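# Geometric and topological summary
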Amino acid sequence: MRFVRSITTLRRLSGSRPHLSRPFGSAAAVLAPSESSSVAEASVFEYLEGFPRPDPKHSETILAVPRAGPKKIVAAKERKAGRVPSILFEQEKGEEGGNKRLISVRTNQIRKLVNHLGYSFFLSRLFDLEVRPDFGSDEVIEKVRVLPRKIWNHFQSFLPTFHGHNSVHSLKQDCLSLLKLHLEAGTEALLNVTFLRAPSHALLKVDVPLVFRGDDVSPGLRKGACLNTIKRTVKCLCPADIVPPYIDVDLSELDIDQKIIIGDLKVHPALQILRSKDEPVCKIGGIRGA
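Residue indices begin from 1 for each chain and proceed along its sequence in written order. Thresholds applied to this predicted model are a pLDDT of at least 70 for local features of residues and 80 or more for the giving and counting of side-chain atom pairs; totals over whole chains, interfaces and linings are not thresholded and use all residues. In computing side-chain values, all of the structure's heavy atoms are included and hydrogens and water are not.

The protein chain has the name Ribosomal protein L25 beta domain-containing protein in an unreviewed UniProt entry, where Acorus calamus is given as its organism.

## Quick look at the pattern of salt bridges
The rule for a salt bridge is simple: a side-chain nitrogen of Lys or Arg has to be within 4 Å of a carboxyl oxygen of Asp or Glu. If you walk through the whole model with that rule in mind, you get 12 salt bridges. Its salt-bridge partner being Glu 90, residue Arg 197 comes within 4.0 Å of it at the nearest N-O pair. Of this pair, Arg 197 sits in strand S10 (residues 190–197) while Glu 90 sits in strand S3 (residues 83–92), and the two are 107 residues apart along the sequence. Put simply, Glu 90, Arg 101, Glu 142 and Arg 197 are held in one network by salt bridges that share partners. Numbering of helices and strands runs from the N terminus, with a helix taken as a DSSP run of H or I at least four residues long and a strand as a DSSP run of E at least two residues long.

## Some details on the confidence of the model for the protein chain
A residue's pLDDT is simply how confident the predictor is in it, with values from 0 to 100. Within the protein chain, residue pLDDT values average 76, and 68% of them lie at 70 or more. Looking at the elements of the protein chain, mean pLDDT is at its lowest for strand S7 (residues 153–154), recorded as 34, and at its highest for strand S15 (residues 259–261), recorded as 97. In what follows, a contact means two residues having at least one pair of non-hydrogen atoms within 4.5 Å. Within the model, the stretch residues 150–179 combines pLDDT values under 50 with 90 contacts to residues more than four positions away or in other chains.

## Section: the nonpolar core
Of all hydrophobic cores here, the largest spans 35 residues; its most connected members are Leu 204, Val 249, Leu 251, Leu 265, Val 281 and Cys 282. Those elements giving two or more residues to this core turn out to be strand S11 (202–213), strand S12 (225–229), strand S13 (233–239), strand S14 (247–250) and strand S17 (280–287). Examining the composition of this core, we find that 6 residues originate from one element, S11, more than from any other. In these notes, a set of buried Ala, Val, Leu, Ile, Met, Phe, Trp, Tyr and Cys residues joined through side-chain atoms within 4.5 Å is what counts as a nonpolar core. Partly exposed residues are those whose accessible area sits between 20% and 50% of the maximum for their type, while under 20% is buried and over 50% is exposed, using a 1.4 Å probe and protein chains only. By size, the runner-up hydrophobic cluster in this structure holds 24 residues, among which are Val 84, Phe 122, Leu 123 and Leu 129.

## Side note on unusual backbone geometry
One non-glycine residue, Asp 257, lies in positive phi territory at about 70 degrees. We classify Asp 257 as exposed; its relative accessible area is 55%.

## Observations regarding the packing of aromatic side chains
Any aromatic ring pair is given by two values, namely how distant the centres are and how the planes are angled relative to each other. Note on ring pairs: Phe, Tyr and Trp rings are taken, using the six-membered ring of Trp, and paired if centres are within 6.5 Å. Classes follow the plane angle, with under 30 degrees stacked, over 60 edge-to-face and the rest tilted. Scanning all chains against the criterion turns up 1 aromatic pair. Arranged with centres 5.4 Å apart and planes meeting at 45 degrees, the rings of Phe 122 and Phe 127 form a pair that is tilted. Using a relative accessible area of 0% as the deciding quantity, one classes Phe 122 as buried. Residue class for Phe 127 comes out buried when judged on its relative accessible area of 2%.

## Quick look at empty space enclosed by the protein
Using a grid of 1 Å spacing that covers the protein atoms alone, one calls a set of points a cavity when a 1.4 Å probe fits there but cannot get out, and a pocket when the set is open and has protein on both sides within 12 Å along at least five of seven lines; lining residues are those with an atom within 4 Å of a point. Grid points are joined across faces, edges and corners, and a volume is the space filled by probe spheres set on the points. What the rule picks out here adds up to 2 cavities of 30 Å³ or more. Empty space within the largest cavity amounts to approximately 80 Å³. Around the largest cavity, the lining residues are Tyr 47, Leu 48, Phe 51, Pro 52, Ile 242, Pro 244, Tyr 246, Ile 247, Lys 266, Val 267, His 268 and Leu 271.

## Observations regarding the side chain of Arg 132
With respect to the secondary-structure elements, Arg 132 resides in the loop between strand S5 (127–131) and strand S6 (142–148). Whenever a nitrogen or oxygen atom comes within 3.5 Å of another N or O atom, the pair is scored as a polar contact, on the condition that within protein one atom can donate a hydrogen and the other can accept it, and that pairs from neighbouring residues in sequence are kept only if both atoms are in side chains. One polar contact links Arg 132 to Glu 130, side chain to side chain, over a distance of 2.6 Å. When residues no more than four places from it in sequence are discounted, the contact partners of Arg 132 are Leu 63, Ala 64, Val 65, Pro 66, Ser 137, Asp 138, Glu 139, Val 140 and Ile 141.

See the structure below:
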């Protein structure tokens, strides 16, 4: 009963038609105090058996230090010293900037995470972040769970391969990145990363990567047809405690001219996909050379 009430509460807060509604304008929404307390009491969300969950071996605490100010000369000095200028914030009435803290993180650590996980997987994963007076200090100014924030941004290079995901269809992004992880045009220089605080009572809008499986036994692909991948991520409204690292797309029964739509995707019942259930995800096209 408690789980049913939590789902009802979630739907009431975000709208009864999740694929059409756009209740939050940015990457996440933190409920108002009166709402969050009631949801916290009613909502106990856990990963369920059979659905993807973050691999604990990839867990890592991101270390940060306070940044002197937002000026370009300060940011330039940070980058020269091997640090990435960053911002840690909450959402305030649907707008960015609530409880903002200017920080810097280690370039090598962010690059390692992005290289290992891939851009899309980096953006759909929650991290612990510790702000310390300096990187050599044991004192912790703030420790918080965060979600890397996204906006549209062009980039021209540094497209790492994805590791640890069993799919022949690479999930490299094209030349449009859905990050607020800026890259200097034509180089691999990280310009900035922005993090959003993700407490348990937050509902987060996350572009969850799609992982395509079953291509080796798909009737259509075995006949020599090609897979037309229409979506590589899908936007979901997720309780912060159960953000999925990816969503599986099963190709094993797909034949020529058949497709998978949003409504076919299997997700945790507490997640809401913020797209029409009729939107196509992928389709088996015609046979090559036919």
